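# A look at the structure
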Amino acid sequence: MNFLKVLLASCLGTLLALVVLFLVAAGFIGKAISDTDDTVRIGSNSVLRLDLPAVMPELTGNMQSGNLSLDNSEELGLYDVMRSIRRAAEDNNIKGIYLNQGFFNAQPATVRQLRQELLAFRETGKFVVAFSPNYGQAGYYLASAADAVYVGPMGILDFRGLGAEIPFMKDMLDRIGVNMEVFYVGDYKSATEPLRYTEMSRENREQTKIFLENLFDLIVDDIAVSRNLSPAGVRGMAANITGWREQELLSSGLIDGFMHRSEVEAEIRSRLGLEENRNINTVGLSDYFEARLNKQLGGHDQVRVIVAEGTIVDGSGDYGSIGDRKYVELIQDARRDDLVKAVVLRINSGGGSASSSENIWAAVEDLKAAGKPVVVSMSDVAASGGYYIAAGADSIFAQPSTITGSIGVFNVFPDATGLMKEHIGINFDTVNTAPYANAFSPFQGLSDTERTLLTQRAQIIYDQFLERVSTGRDIPMDRMRQIARGRVYSGVDALDLGLVDRLAGLDEAIASAASLAGLDNYSMGFYPRVTPPLERFVNDLMGLSDSDGGFNVNLVREQLGEQAYQHFELMRDLTQMQGVQARMPIVVKF
């Protein structure tokens, strides 16, 4: 009987492998045929259709894929989208951009960078027309950079200000008999509040209000300039939810009118000088990137851009996370490669494991010791552990709307004795060969000695964090203790405090790194290298992937939707943490 079980299992495994190989072959052959026979050609008098991905990674393809599909295409990352718009501005065959997207899941810093590219595109004399049946805030913020913004009939513009939404789990934990003992350093270190409070602390409410106001001021000012309105007027429209009232929206100046899609296309024909009923020659964003930009340009020497996005974790990590083993190897490879003359570390992370952050920081120090300049470019967020790995860089660039700081640490210990004994009816007894052989057990609770050790551990790591920042940023320790405390800052405030050197984007950071290395002619290499989606799926299915996760993360994201998934991810990370953490969990509603 055992022999038959083994035989059937082997046959099933072989059959599965054959099916997978068939899918792989079909996918790659189809891709090859597509690349050979369907090469994208950009005709004259064309319009770039800006269809942005629902979730945009920093690095093209650097996100967990959950689609069982033979489509081997990758979601373009932020920088490649920006490069595409920039290239289109120089392309004589591209006459304008059609922005046909009202809902866009992105944070203010990402949208602001895209917005700046659209404004630069318009400065060449080319047009940008935006249309959507309805607009969310991020979608409208981007669209407001267009020459004309149209909303579909009976549509709304959901413009109502920024908010922060944090789920608090203490009541739920109390009901099931789990007490989360928390050890943290920093008055403003709010990461553990969902586990110990039922609402925001005074300090957390204060810091969140300040950085949200900073971000919203930037958004309001940008919209006011583009739409020729006063900042006070734009802010008032958000407060009154003007975008939900058709007549008020029409007269507000936020949009140029209500139109059917066919009417918008007629306007685009007019801008192109086409006769009525002539087809508009449009090219999609991904196709345009493949046709014009999917290759390395520049000289022999290289500025390597290492993109660190997601939670900082131990090990290799998943796609879209920062595993210390993988990123230490990436930095070491850059140090050993003679062609790499400088490195830009592009960070979009709210932090994570303190020990992994230290490992990455140390690798950056080794890179600098080898004589290679390191410049940090911050995206939406580079806070807590995300700031830790930036602290030693030669120079730090941030966006005005970057969320950064949060220099503090915490540790969480779950005490499940109430759950086990009172709710489930399980009792634990012990036998020890030393007084603390069974210490730190979630089924025994903590002794005073164990609490003291965990408190001391958090303080030691916090002091080391402060020392790393104090040395890296040349800020006296007394001053460092005042501005740290786990407090979160916008990029604007971080510049005033000396936590960053300049408010600028990735291009400026790359140019700075090249200048520090004395380079005039150079190429750019973006890392980590991302495995194509189909190959990644097969590797995960066959257990050949070196990542710590599976292929099903995006399945959850797709089912929950992006906003709900953000809360799911926050709660999952809080409940799965191990060791001392340097992270900033918060969901900004935009």
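Data block above holds the structure.
Reading guide: rules and limits
- Each chain carries its own residue numbering, running from 1 in the written order of its sequence.
- Owing to the predicted nature of the model, reporting of local features is limited to residues with pLDDT of at least 70; listing and counting of side-chain atom pairs is limited to 80 or more, with chain, interface and lining totals taken over all residues.
- Just so you know, side-chain values use all the structure's heavy atoms and leave hydrogens and water out.
- By the criteria applied, helices consist of DSSP H or I runs no shorter than four residues and strands consist of E runs no shorter than two, each listed in order from the N terminus.
- Partly exposed describes any residue whose relative accessible area lies between the buried limit of under 20% and the exposed limit of over 50%, with all areas from a 1.4 Å probe on protein chains only and scaled to the type maximum.
- Whether two residues are in contact is decided by their heavy atoms, any of which lying within 4.5 Å being enough.
- The protein chains shown are the only cover counted for residues, whose accessible areas, like all others here, come from Shrake-Rupley with a 1.4 Å probe.
- Classification of ring pairs uses Phe, Tyr and Trp, with its six-membered ring standing for Trp, and accepts pairs whose centres are within 6.5 Å; under 30 degrees between planes counts as stacked, over 60 as edge-to-face, and the remaining range as tilted.
- A ring has a charge above it when a Lys NZ or an Arg CZ is no more than 6 Å from the ring centre and no more than 35 degrees off the ring normal.
- When we speak of the arc, we mean the arc of directions from the helix axis to the C-beta atoms.
- Contacts described as polar in this section are N or O atom pairs within 3.5 Å, which, within protein, must combine one atom able to donate a hydrogen with one able to accept it, while residues neighboring in sequence count only if both atoms come from side chains.
- A strand pair is defined by DSSP finding two or more bridges across the two strands.
- Note on geometry: axes are lines fitted to C-alpha atoms, helical ones only across the stretch in contact, with angles between N-to-C directions running from 0 to 180 degrees.
- Residues enter a nonpolar core if they are buried and are Ala, Val, Leu, Ile, Met, Phe, Trp, Tyr or Cys, with the set joined through side-chain atoms within 4.5 Å.
- If an angle is under 35 degrees, it is roughly parallel; if it is over 145, roughly antiparallel; if it lies from 65 to 115, roughly perpendicular; otherwise it is oblique.
- For this classification, the nonpolar set comprises Ala, Val, Leu, Ile, Met, Phe, Trp, Tyr, Cys and Pro, the charged set comprises Asp, Glu, Lys and Arg, and every other residue, Gly included, is treated as polar.
- With strands facing away from the observer, any crossover in which the path from the first strand over the helix to the second runs clockwise is taken as right-handed.
- Here a salt bridge means any side-chain nitrogen of Lys or Arg lying within 4 Å of a carboxyl oxygen belonging to Asp or Glu.

### Let's talk about the overall build of the protein
Each helix and strand in the protein was counted, giving 22 helices and 22 strands. By the burial criterion, 53% of the 590 residues in the protein qualify as buried. If you take every contact in the protein between residues at least 6 apart in sequence, the share linking residues at least 24 apart comes to 75%. Put simply, the protein shows about 26,500 Å² of open surface, and 50% of that area lies on carbon and sulfur atoms.

### Concerning the packing of aromatic side chains
Each aromatic ring pair is summarised here by two numbers: the centre-to-centre distance and the angle between the ring planes. Summed over all chains, the structure comprises six aromatic pairs. Judged by centre distance (4.6 Å) and plane angle (5°), the ring pair of Phe 428 and Phe 443 falls under stacked. Within this pair, whereas Phe 428 is found in the loop between helix H15 (417-424) and helix H16 (448-473), its partner Phe 443 is found in the loop between H15 and H16, the two being separated by 15 residues in sequence. The structure contains a cluster of three or more aromatic residues connected by ring pairs, namely Tyr 135, Tyr 140, Phe 159 and Phe 216. The residue whose ring lies beneath Arg 468 is Trp 361, and the NZ or CZ to ring-centre distance is 3.7 Å. Above the face of the Tyr 527 ring, Arg 529 is positioned so that its terminal group lies 4.4 Å from the ring centre.

### Some thoughts on helix H8 (residues 231-239)
Within the sequence span of H8, burial applies to Val 234, Met 237 and Ala 238. The buried residues of H8 occupy an angular sector of 100° when the element is viewed end-on, so they sit on one face. Counted as exposed and oriented over 90 degrees from the buried face of H8: Ala 232 and Ala 239. Structurally, H8 contributes buried residues whose contacts are with helix H7 (202-227) and helix H9 (246-252). Just past H8, the residue Ile 241 takes up positive phi, approximately 50°.

### Focus on the environment of Tyr 388
Its place among the elements puts Tyr 388 in helix H14 (residues 385-388). On the basis of relative accessibility, which here comes to 2%, the residue Tyr 388 falls in the buried class. Remark: the alpha-carbon pair of Tyr 388 and Ala 582, spanning 194 residues in sequence, is separated by 8.3 Å. Within the local environment of Tyr 388, its side chain forms a polar contact with the side chain of Gln 464, the two groups lying 3.3 Å apart.

### Regarding unusual backbone geometry
Following Tyr 527, the chain continues to Pro 528 via a peptide bond in cis, the omega torsion being 5°. Even without glycine at this site, Arg 485 takes up a positive phi of about 60°. Since its relative accessible area comes to 29%, Arg 485 is described here as partly exposed.

### Here's the deal with the sheet that holds strand S8 (residues 282-284)
Pairing is parallel in the open sheet, where six strands are placed in the order S7-S4-S3-S2-S1-S8. Edge positions in the sheet fall to strand S7 (257-258) and S8, since each has one partner strand and no second. Direction of pairing for strand S1 (residues 46-50) relative to S8: parallel, over a ladder of three bridges. Across the sheet, residue Val 47 finds its bridge partner in S8, namely Thr 282. Strands S1, strand S2 (94-99) and strand S3 (127-132) of the sheet are contacted by helix H3 (residues 108-122), whose axis makes an angle of about 145° with S2. Packing of helix H11 (residues 285-292) onto the sheet brings it into contact with S1, S2 and S8, and relative to S8 it is tilted by some 85°.

### Focus on the nonpolar core
Core analysis: the largest hydrophobic core is formed by 60 residues, its most contacted members being Leu 50, Leu 52 and Leu 114. At eight residues, the largest contribution of residues to this core is made by H7. If we skip the residues at most four places from it in the chain, Leu 114 touches Leu 52, Met 56, Leu 78, Val 81, Met 82, Phe 104 and Leu 142.

### Here we look at the packing of helix H12 (residues 324-336) against helix H13 (residues 354-369)
The contact between H12 and H13 brings their axes to 9 Å, and the two run at 0°. Here H12 lies roughly parallel to H13, going by the angle between them. Residue-level inspection shows Asp 324, Tyr 327, Val 328, Ile 331, Ala 334 and Arg 335 of H12 in contact with H13, the latter providing Ser 356, Asn 359, Ile 360, Ala 363, Val 364, Asp 366 and Leu 367. In the contact of H12 with H13, the residues fall into eight nonpolar, two polar and three charged.

### Let's talk about the pairing of S3
S3 sits mainly inside the fold: six of its six residues count as buried. Neither face of S3 is open: one carries Phe 127, Val 129 and Phe 131, the other Val 128, Ala 130 and Ser 132, and all of them are buried. In terms of strand pairing, S3 meets strand S4 (residues 148-151) through four bridges, oriented parallel. Each bridged residue has a counterpart across the sheet, and for Phe 131 the counterpart in S4 is Tyr 150. Regarding topology, helix H4 (residues 137-143) serves as the crossover connection from S3 to the parallel S4, and that connection is right-handed.

### Some thoughts on the pattern of salt bridges
Following the criterion strictly, the structure yields 28 salt bridges and no others. The closest approach of N and O atoms between Arg 83 and Asp 80, which form a salt bridge, is 2.9 Å. Note that Arg 83 and Asp 80 are positioned in helix H2 (residues 78-90) at a spacing of three residues, about one turn of the helix. Overall, the relative accessible area of 16% leaves Arg 83 in the buried class. The class of Asp 80 is buried, set by a relative accessible area of 13%.

### Some words on the side chain of Ser 316
Along the polypeptide, Ser 316 turns up in the loop between strand S10 (312-313) and strand S11 (322-323). Accessibility expressed as a relative area gives 8% for Ser 316, which makes it buried. Reaching out from Ser 316, the side chain makes a polar contact with the side chain of Arg 325 at a distance of 2.7 Å.

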